[in-house]
Amino acid sequence: MVRKKRNRLSQMLERFSRKATEATGTSTAFIIALLVIIVWIITGPLFHFSDTWQLVINTGTTIITFLMVFLIQRSQNKDALAIHLKLNEIVAALEGASNRLIDVEDLTEAEIRILHTHYQRLVEMAKKDLKLTQSHSVEEAEVRHNIKHRKHKHPKT
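Each value, and the rule that gives it
- Residues numbered from 1 in each chain as written.
- Predicted model: local features only at pLDDT ≥ 70, side-chain atom pairs only at ≥ 80, totals over all residues.
- Heavy atoms only, no water.
- Helix = DSSP H or I, 4+ residues; strand = E, 2+ residues; numbered from the N terminus.
- Buried < 20%, exposed > 50% of the residue type's maximum accessible area, 1.4 Å probe, protein only.
- Contact = heavy atoms within 4.5 Å.
- Areas by Shrake-Rupley, 256 points an atom, 1.4 Å probe, with all protein chains shown as cover.
- Patch = residues over 30% accessible without salt bridge, like charges linked within 9 Å, V, L, I, M, F, W, Y side chains within 5 Å.
- Salt bridge = Lys/Arg side-chain N within 4 Å of Asp/Glu carboxyl O.
- Polar contact = N/O pair within 3.5 Å; in protein donor to acceptor, adjacent residues only side chain to side chain.
- pLDDT = per-residue confidence, 0-100.
- Phe/Tyr/Trp six-rings, centres within 6.5 Å; stacked < 30°, edge-to-face > 60°.
- Expected span 1.5 Å × (residues − 1).
- Arc of directions from axis to C-beta.

Peer 1: Could you clarify how one ought to interpret the overall build of the protein chain in this entry?
Peer 2: Looking only at helices and strands, the protein chain features five helices and zero strands. Of the regular secondary structure in the protein chain, the N- to C-terminal order runs α-α-α-α-α. Per-residue burial for the protein chain yields a buried fraction of 15% across its 157 residues. Considering only residue pairs separated by 6 or more positions, the protein chain has 22% of its internal contacts joining residues 24 or more positions apart. As presented, the protein chain carries roughly 13000 Å² of accessible surface, and 65% of it is formed by carbon and sulfur atoms.

Here is the structure:
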């Protein structure tokens with residue numbers, strides 16, 4: 001029973017989050033926010049630029065910013081997960097693609113640096129070739145690179 005309530009609440013929050021994120025990312029939302037600021041500025045002389053007048057805008061913008069941070073982060077988390085899944089599918093489906101890159105986002109920062117260094121080698125080899133798009137993995141690139149250079153009687157690099 002508790003689990004069903006959590007699922008419903010989670011679904012409601014997801015729908016609200018999606019709608020709020022979509023609504024706040026529009027030109028209309030920007031214009032409304034701009035109008036609020038303009039009205040606030042115009043009312044300054046009316047309220048003698050009091051501390052309360054300043055507190056109203058500061059409090060309002062702080063609350064909105066605080067809530068928007070969570071909405072934006074939730075939206076980005078979902079988008080990032082969807083992108084990772086799509087990229088994982090592409091890597092898994094492509095012949096010659098390195099499967100070590102599936103779920104690469106779950107590696108530690110040190111492991112990602114090691115892979116980055118590994119792929120920098122691929123870039124360096126590709127810079128020496130005429131066609132930059134011929135290789136897939138570092139290992140395959142090394143083999144192709146060496147074969148091409150042997151055929152053209154270049155010294156091995």
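Peer 1: Help me out: how do you make sense of unusual backbone geometry in this one?
Peer 2: Even without being glycine, H48 reaches a positive phi, approximately 55°. Mapped onto the elements of the fold, H48 is located in the loop between α2 (27–42) and α3 (51–93). Here the phi dihedral of D103 falls at roughly 60°; this positive angle occurs in a residue that is not glycine. Counting through the fold element by element, D103 comes out in the loop between α3 and α4 (109–128).

Peer 1: Would you mind going over a nonpolar patch on the surface with me for this structure?
Peer 2: Side chains of F30, I31, L34, L35, I38 and I42 sit close together on the surface and give an oily, nonpolar patch of about 590 Å² of accessible area. Assignment of secondary structure puts I38 in helix α2.

Peer 1: Could you clarify how one ought to interpret the side chain of N88 in this entry?
Peer 2: Considering the arrangement of structural elements, one finds N88 in helix α3. A distance of 2.8 Å separates polar atoms of two side chains, one belonging to N88 and the other to D103. When sequence neighbours within four positions are dropped, the list of residues in contact with N88 reads L101, I102, D103 and E105.

Peer 1: I keep staring at the confidence of the model for the protein chain and nothing clicks. Help me out?
Peer 2: Should the pLDDT be low somewhere, the predicted coordinates at that spot are not to be read in detail. Residues with a pLDDT of 70 or more make up 87% of the protein chain, whose mean pLDDT is 85. Across the protein chain, the element-wise mean pLDDT spans from 71 in helix α5 (residues 138–151) up to 96 in α2.

Peer 1: I keep staring at the packing of aromatic side chains and nothing clicks. Help me out?
Peer 2: Note on aromatic pairs: each is described by the distance of the centres and the angle between the planes. Within the structure shown, the criterion is met by three aromatic pairs. Note on W40 and W53: the rings are 4.1 Å apart at their centroids and 5° apart in plane angle, and the pair reads as stacked. On the criterion of sequence distance, the pair formed by W40 in helix α2 and W53 in helix α3 is long-range, its members being 13 residues apart. Residue classification places W40 among the partly exposed residues on the basis of a relative accessible area of 21%. Seen in terms of ring centroids, F49 and W53 are 5.2 Å apart; in terms of plane orientation they differ by 90°. Their pairing is edge-to-face.

Peer 1: It is not clear to me how α4 should be interpreted in this structure. Could you clarify?
Peer 2: A turn of α-helix holds 3.6 residues, and therefore any two residues three or four places apart point the same way. The first and last C-alpha atoms of α4 sit 29 Å apart over 20 residues, in line with the 28 Å expected at 1.5 Å per residue. Of all the residues in α4, the buried ones are L115, H118, Y119, L122, M125 and A126. Along the axis of α4, the buried residues cluster in a sector spanning 105°; they form a single face. Pointing more than 90 degrees away from the buried face of α4 are the exposed residues E109, R113, K127 and K128.

Peer 1: Just checking my understanding: could you explain the environment of E14 for this structure?
Peer 2: Tracing the chain through its elements places E14 in helix α1 (residues 2–24). Between the C-alpha atoms of E14 and L71, which are 57 residues apart in sequence, the distance is 9.6 Å. E14 has contacts with R74 and K78, leaving out every residue within four places of it along the chain.

Peer 1: What is the right way to look at the pattern of salt bridges in this model?
Peer 2: As a working rule, side chains carrying opposite charge can pair if their charged atoms are close by. With the rule as written, the count across this model stands at two salt bridges. With a closest N to O distance of 3.0 Å, E14 and K78 form a salt bridge. One end of the pair, E14, is in helix α1; the other, K78, is in helix α3, and 64 residues separate them in sequence. Under the relative-accessibility criterion, E14 is labelled partly exposed at 28%.

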